Amino acid sequence: MIVSILGGTGEQGPGMALRWARAGIEVIIGSRQQTRAEAIAAELNQELGQPRLKGMANPEAAAAAEVVALTVPFSAHRSTLESVREQLQGKVLIDVCVPLDPENPRKMLMPPAGSATEEAQELLGDGVKVVAAFQNVSAHELRALEHGIDCDVLVCGNDRAARQTVMDLVEQMGLHPVDAGLAFNARVIESLTALLIGLNIRHKVQGSGVRITGLPA
Ligand SMILES: NC(=O)c1ccc[n+]([C@@H]2O[C@H](COP(=O)([O-])OP(=O)(O)OC[C@H]3O[C@@H](n4cnc5c(N)ncnc54)[C@H](OP(=O)(O)O)[C@@H]3O)[C@@H](O)[C@H]2O)c1
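Quick look at the structure, then. What you see is a predicted model; the values in this text were computed from it and never measured.

### Things to note about the sheet that holds strand β3 (residues 53–57)
Strand order across the open sheet formed by eight strands is β3-β2-β1-β4-β5-β8-β9-β10, with mixed pairing between neighbours. Whereas interior strands pair on both sides, the edge strands pair on one side only; in this sheet they are β3 and β10 (176–179). Adjacent strand axes in the sheet meet at a mean angle of 25° when their direction is disregarded. Sheet topology places strand β4 (residues 67–70) next to strand β5 (residues 92–95); four bridges connect them, and they run parallel. Opposite V68, over in β5, you have L93 as the bridge partner.

This is the structure we're talking about:
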C-alpha cells in the first residue's frame, strides 16, 4: 500500500505520515514544491530512523499512490483538488479538510455542497471514492508518537468498500475507526472540529477529541 498526503508538509500531515510509516506503509509527502516535500520527508525519515517516506510535488504524489489524503487549508481545497483531478481517478481520497471560518476557527463556513467532503466528491466525480476522516484528531496528538490517542476517528463516505479501506488505515495507525455512514454526515463530523477548537481554548488543552459510546466492540 502506498499512501500520499497532499499538503503533508504542514501541521496535520506529518503525524499521519509518521504513524503510517511506522506501521510499514510506504508514504509520500506531497507539496506544491517538490524540494519542500523532499526536505520534510527527509526530516520525518530521520525522526523515524528508517527511509520509509518520499517527497514529491502534489500531482506526482497523487499519481504514485493507491490512497491519497488531502491536508491543506480549506481555502486551498478546491484548487488543490482541481490540480490533481486526473491523477485521482480510480482511487480513494481521504479528505481531512475542515471549512473553518478564517475569521473565527470556532465557527464553520460550509461550502454550498454542504461540507468539504461533499464538495470534493462533486468536484472529482464518481471515479474517485471520497472518504472523510481525521477531522477531529488534533495535529498535536498525531505528532506525539510516543503515546496512543484517546479518541475515535469518524469515517464517512458514500462507498462502503472505500470506507473500509480507510478504516483499515486508521487501525494501522493505532487508532479506533467508527463507520459513520454516508458522506452527508461529514457536515456534522467537520463541524465537530470547530467545537473541539473552542473546547481546546476554553479548557486550555491542545487535543480534545471525540469518543462514541454504545456501539458494539
Ligand atoms: N492542524 C490540525 O490540528 C487539524 C486537525 C484536523 C483537521 N485539520 C484540517 O487539515 C487541513 C490541514 O491542516 P494543517 O493544520 O495541516 O494546515 P497547514 O499546516 O496550514 O497547511 C498544510 C499544507 O497545505 C499547503 N498549503 C497551504 N496553503 C496552500 C495553498 N494556498 N494552496 C495549496 N496548498 C497550500 C502547504 O503545503 P506546501 O506549501 O508544501 O504546498 C501546507 O504545508 C485543514 O483543512 C485543517 O482544517 C487540521
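### A closer look at the site of the ligand
If you check the shell around the ligand, you find 22 residues, and the closest are T9, Q12, S31, R32 and V72. One nitrogen or oxygen atom from the main chain of V72 is found 2.7 Å from an oxygen atom belonging to the ligand. The backbone of V98 places a nitrogen or oxygen atom 3.3 Å from an oxygen atom of the ligand. Taken by itself the ligand offers 880 Å² of open surface, and the protein chains cover 76% of this.

### Structural notes on the nonpolar core
With 38 residues, the main nonpolar core has M16, W20, L53, I94 and F134 as its most contacted residues. Those elements that place two or more of their residues in this core are β1 (2–6), α1 (12–22), β2 (26–31), α2 (34–48), β4, β5, β9 (152–157) and α8 (160–172). In this structure M16 touches I5, A69, T71, V96, F134, L142 and M173, once residues within four positions along its chain are discounted. I28, A120, L123 and L124 belong to the second-largest nonpolar core, a separate cluster that totals 18 residues.

### Topic: the pairing of β3
On β3, burial follows the alternation: L53, G55 and A57 on one face are buried, whereas K54 and M56 on the facing-out side are not. Here five bridges tie β2 to β3, and the two strands are oriented parallel to one another. Its bridge partner being in β3, I28 is matched across the sheet by K54. On the question of chirality, the crossover connecting β2 to the parallel β3 by way of α2 is right-handed.

### With respect to the environment of A61
With respect to the helices and strands, A61 occurs in helix α3 (residues 58–64). C-alpha of A61 to C-alpha of I5: the two residues are 56 residues apart in sequence and 7.7 Å apart in space.

### Here we look at unusual backbone geometry
We note that F134 has phi near 70°; this positive angle belongs to a residue other than glycine. Along the chain, the position of F134 falls in the loop between β8 (129–132) and α7 (139–143). When its relative accessible area of 1% is taken as the criterion, F134 is described as buried. Phi is positive for K204, close to 55°, though the residue is something other than glycine. By the secondary structure assignment, K204 is in the segment after α9 (186–203).

### Digging into the packing of α1 against α2
Running from N to C, α1 and α2 point in directions that differ by 50°, and their axes come no closer than 11 Å. On the basis of the axis angle, α1 is oblique to α2. Along this stretch, α1 crosses α2, giving a crossing that reads as right-handed. Of the residues in α2, those in contact with P14, A17, L18, A21 and R22 of α1 are L44, E47 and L48. The class makeup of the residues in the contact of α1 with α2 is six nonpolar, no polar and two charged.

### Side note on the pattern of salt bridges
Applying the stated rule across the entire model yields nine salt bridges. Residues K129 and D159 are paired through a salt bridge, measuring 3.9 Å at the closest nitrogen-oxygen approach. Within this pair, whereas K129 is found in strand β8, its partner D159 is found in the loop between β9 and α8, the two being separated by 30 residues in sequence. Owing to a relative accessible area of 33%, K129 belongs among the partly exposed residues under this scheme. According to the relative accessible area criterion, D159 is partly exposed, its value standing at 24%. Among the ionic pairs, D152 bridges to R211, the shortest N-O distance being 2.7 Å. Taken together, the residues span a long stretch of sequence, with D152 in strand β9 and R211 in the segment after α9 at a distance of 59 residues. When its relative accessible area of 43% is taken as the criterion, R211 is described as partly exposed. Where salt bridges share partners, they join R78, E82 and E119 into one cluster.

The rules we used
Residues numbered from 1 in each chain as written. Predicted model: local features only at pLDDT ≥ 70, side-chain atom pairs only at ≥ 80, totals over all residues. Heavy atoms only, no water. Pairing = 2+ DSSP bridges. Helix = DSSP H or I, 4+ residues; strand = E, 2+ residues; numbered from the N terminus. Axes fitted to C-alpha atoms, helices over the stretch in contact; angles between N-to-C directions. Near = heavy atom within 4 Å. Polar contact = N/O pair within 3.5 Å; in protein donor to acceptor, adjacent residues only side chain to side chain. Areas by Shrake-Rupley, 256 points an atom, 1.4 Å probe, with all protein chains shown as cover. Core = buried A, V, L, I, M, F, W, Y, C linked by side-chain atoms within 4.5 Å. Buried < 20%, exposed > 50% of the residue type's maximum accessible area, 1.4 Å probe, protein only. Contact = heavy atoms within 4.5 Å. Right-handed = clockwise from strand over helix to strand, strands pointing away. Parallel < 35°, antiparallel > 145°, perpendicular 65-115°, else oblique. Left-handed = near helix turned anticlockwise from the far one by under 90°. Nonpolar A, V, L, I, M, F, W, Y, C, P; charged D, E, K, R; others polar. Salt bridge = Lys/Arg side-chain N within 4 Å of Asp/Glu carboxyl O.

None of the figures reported here should be taken as evidence of function without further support.
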